[in-house]
Each structure stands twice: as structure tokens, then as C-alpha cells.
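Spelled out from the first residue to the last, the chains are:
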Amino acid sequence: LTHIGAKFMFVAGMFISGCVTILFGMLDKVPSGPVFISLCFLVRAMDAVGFAAAMTASFSILAKAFPNNIATVLGSLEIFTGLGLVLGPPLGGFLYQSFGYEVPFIVVGCIVLVLVPVNVCLLPKYDSTPSKESFWKLILLPKVLLLCLTIFSLSACLGFLDPTMSLFILKKFRLPAGYVGLVFLGLALSYSLSSPLLGLLSDKLPYLRKWFLVSGGLMTALCFFMLGPAPVLHIESQLWMFVLVLVLIGFSIGMSAIPVFPEILHCAYENGFEEGLSLLGLVSGLFNAMWSLGAFAGPTLGGFLNEKLGFEWASAIQGVWALLTGLATGIFYITEATRRSSSSSLQNSSGNNEERTHLMSSET
């Protein structure tokens, strides 16, 4: 990012994503079989590269432009993430039903490509010098490693819902297929609406971040135990309770996800990393890498568990990810606070001893 520039990386990533999205619409012209499957993997991989470039650069640009309000800005932008999650499926379904397979991809791809020259004109160019700090030095910091596990578990929990939840809703509550998307609204809306407030609180009251991370992880775990609910609870699943739990999941994931980025930055500064776009690129790349890794592991493991054990047990097992990270984060912060308290008390006692020695020498 520091070698080619954050603006160029962002614009290039958008251009690649736009072009590849249009290519998606052409895949139905390819003969079925190994060629079709191979091209699907290739196009998806290209799209991932473009997406990673755009997301990594966008996080870095935002953190550089608003250094004192990172969580607030990221939380505000999650409104539009939620808006995309809410509007994407119904609009895509309408275009698919009305015009066929190609049109939804072509429309979305063209929208992205139109935004490329807009961003070329509007975005400022940020100059930076490459830093000597390494990616591995950052990720091997104990606190950063723990926050990476938090990102991974949250993304895995969200990804778990993609291949499993709609099947469970159709089977358990026997809703018409058109109403399944409305159930998803609870999670998307609660996440997107609560994120700005959580971001504002994280910036104005930084000491709340640790409480958000711990309570968000534990609350997410509890919600996934209640989503089925887990058979050991002996609670009958009902639609109103299912929607309520989804709303709480959206809020709890926001509690854990929003403070992570500024917490990693703060930890890097405490450990001597140089402030600048180079560090922001490292943190942004790390955040998106862990999120994407969870987005792969969640549906893969979740689909397997759902097939073997059923949705109730699968969601409970998925909640263990969040439970472990919430407990580990809480233990880490308690240990850190205890260590700092003991070190400060030692410094105070040594300072008092020096004062006594000085006073005694002056008296003699």
C-alpha cells in the first residue's frame, strides 16, 4: 500500500471488482462441466483480490483522514454495509426474476465502475514512506493476536448463518420463501443502526472498548446458544424469539467488531510502531485477512455441522468460538490491569524511598 499508494490501490481494487462482477454475468455462456467450475473459481479469486485491495485501502484512508475518530467513522460506514445487505438480495432477486441471470451482475458491475472516476476526482492523495515494521512483529503481539481471534470468531459466526439459517427457517417455521429475507433484516438493521453509537462511544470513552469486546463476545455466544435453541436448554423454538435473538446478535457483534481496529492501533503505538499510513495499511490488511478467514471457516464448518448434527447443535457449537474469545479477552484485560497496578505501586514505593533518602541526607 505504501509503495503504490492508498488511493491507487482503492481505485484499482474497485475497477477490478467492477469488471469481474460483469464477468460473473457472462458465466452462463460457458459450457457446463470442469471448464465452467474452473472459471467460477478463477473469477471469484479475481474478485477477492479486488475486494481485498479496495477494503484494505479504504480502512487505511479513513484512519488517516480521521485519526481521532476512527471507530466513529467505521461505525457510521457500517450503516451502508447494513443497507447493502438489506437491499442487495431483494433488488438482485427482482432483477433476476425480471431480466434473467446476466442483468443483476451487469447492473452492479456498472455501478461500481461508475464510482471509479468519482473516487479518482474526490479522494485526496496520501503520501507515505515505507516503514521498517514487519507484519509478523505486529501479529505476534499477544494482545493483537487475541484481537485477531476475536475478528475471526465474529466473522465465522456471521458466515455460519449464510448456508444454514434460511434452510432452518423454511423447515422449522414453514415460511414462504419470500419472507425468509425479512427475517434476515433483524440482524442487518440492528448491526447497522447500533454501529455508529458504539463507534462514537469507543472514541469518546476509550476505556469502554475492553468492556465492549468482552461483553460483546459473551453476548454473541449466549445468542448463538439461544438461536436454535441448543437442545440441552429444552426450549421450543418460536419465530418471534428467533427474530429477537438475531437482533441481539447484530448488536453484540457490533459491540465486539467496532472497537477492534482502534484497539489494535493503540496496541501498536504502545509497542513502538511508527504512526503513519504504513502502519494503517498493516492493521487494515490484518483486520480484513482475519475477517475473510472467518468468512471462509464459518460457512465451511457450519455447513458440515448443520448436515451432521442439525442447526440447533451447530449454532451452539458455533457460539463456543465467541465464548472462548470473550473469556480469553476478559482474562487478558484483568491480567493486564493487575500487572499495571502492581508496577505503578512499585514505582510509587520506590519514589517514596528516594524522597525519604533525600530528606534524611539533607537533615544530616
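Starting from 1, residues in each chain are numbered consecutively following that chain's sequence as written. Totals for whole chains, interfaces and linings use all residues, but because this is a predicted model, local features are given only for residues with pLDDT of at least 70 and pairs of side-chain atoms are given and counted only at 80 or more. To obtain the side-chain values, all non-hydrogen atoms of the structure were included, while hydrogens and water were left out.

- You'll find the chain entered in an unreviewed UniProt entry as MFS-type transporter SLC18B1, with Pterocles gutturalis given as the organism.
- UniProt positions are given in the numbering used here, feature names are shortened, and annotations may be inferred rather than shown by experiment. Reading the Subcellular location (unreviewed entry) entry of the UniProt record for the chain gives the comment "Membrane".

### Comments concerning the packing of aromatic side chains
Logical step 1: Put simply, two rings from Phe, Tyr or Trp (the six-membered ring, in Trp's case) pair if the centres are within 6.5 Å, and we call them stacked under 30 degrees between planes, edge-to-face over 60, tilted for the rest. Applying the stated criterion across every chain yields a total of 15 aromatic pairs.
Logical step 2: When the centroid spacing of 6.0 Å and the interplanar angle of 85° are considered together, the rings of Phe 168 and Phe 173 count as edge-to-face. One exposure class covers both Phe 168 and Phe 173, and it is buried.
Logical step 3: Ring pairs connect the aromatic residues Phe 160, Phe 168, Phe 173, Phe 224, Phe 242 and Phe 311, which therefore count as one cluster. Exposed residues in this analysis have more than 50% of their type's maximum accessible area, buried residues have under 20%, and partly exposed residues fall in between, with area computed by a 1.4 Å probe over protein chains only.

### Considerations on the pattern of salt bridges
Logical step 1: Whenever Lys or Arg places a side-chain nitrogen within 4 Å of a carboxyl oxygen from Asp or Glu, that contact is recorded as a salt bridge. Counted under the stated rule, the structure contains five salt bridges.
Logical step 2: In this structure, Glu 263 engages Arg 209 in a salt bridge whose closest nitrogen and oxygen atoms are separated by 3.7 Å. Within this pair, whereas Glu 263 is found in helix H10 (residues 260–270), its partner Arg 209 is found in helix H8 (residues 208–227), the two being separated by 54 residues in sequence. For helices the rule is a DSSP run of H or I covering at least 4 residues; for strands it is a run of E covering at least 2, with both sets numbered from the N terminus onward.

### Overview of the layout of surface pockets
Logical step 1: Within this scheme a cavity is a closed region of a 1 Å grid, computed over the protein atoms alone, that accommodates a 1.4 Å probe without allowing it to escape, whereas a pocket is open but has protein on both sides within 12 Å along at least five of seven lines; lining residues each have an atom within 4 Å of a point. Grid points are joined across faces, edges and corners, and a volume is the space filled by probe spheres set on the points. Counted as a void, the second largest pocket has a volume near 300 Å³.
Logical step 2: Counting only elements with at least two residues in the lining of the second largest pocket, the list comes to helix H2 (34–65) and H10.
Logical step 3: Looking at the lining of the second largest pocket element by element, the count peaks at four residues for H10.
Logical step 4: Note that Gly is not counted as nonpolar here; it falls among the polar residues with everything else outside the nonpolar set of Ala, Val, Leu, Ile, Met, Phe, Trp, Tyr, Cys and Pro and the charged set of Asp, Glu, Lys and Arg. Among the residues forming the lining of the second largest pocket, the class breakdown is seven nonpolar, four polar and four charged.
Logical step 5: Each domain's extent is set by a domain assignment, obtained either automatically or from a database. Counting residues domain by domain, the lining of the second largest pocket receives three or more from each of domain 1 (1–123) and domain 2 (134–345).

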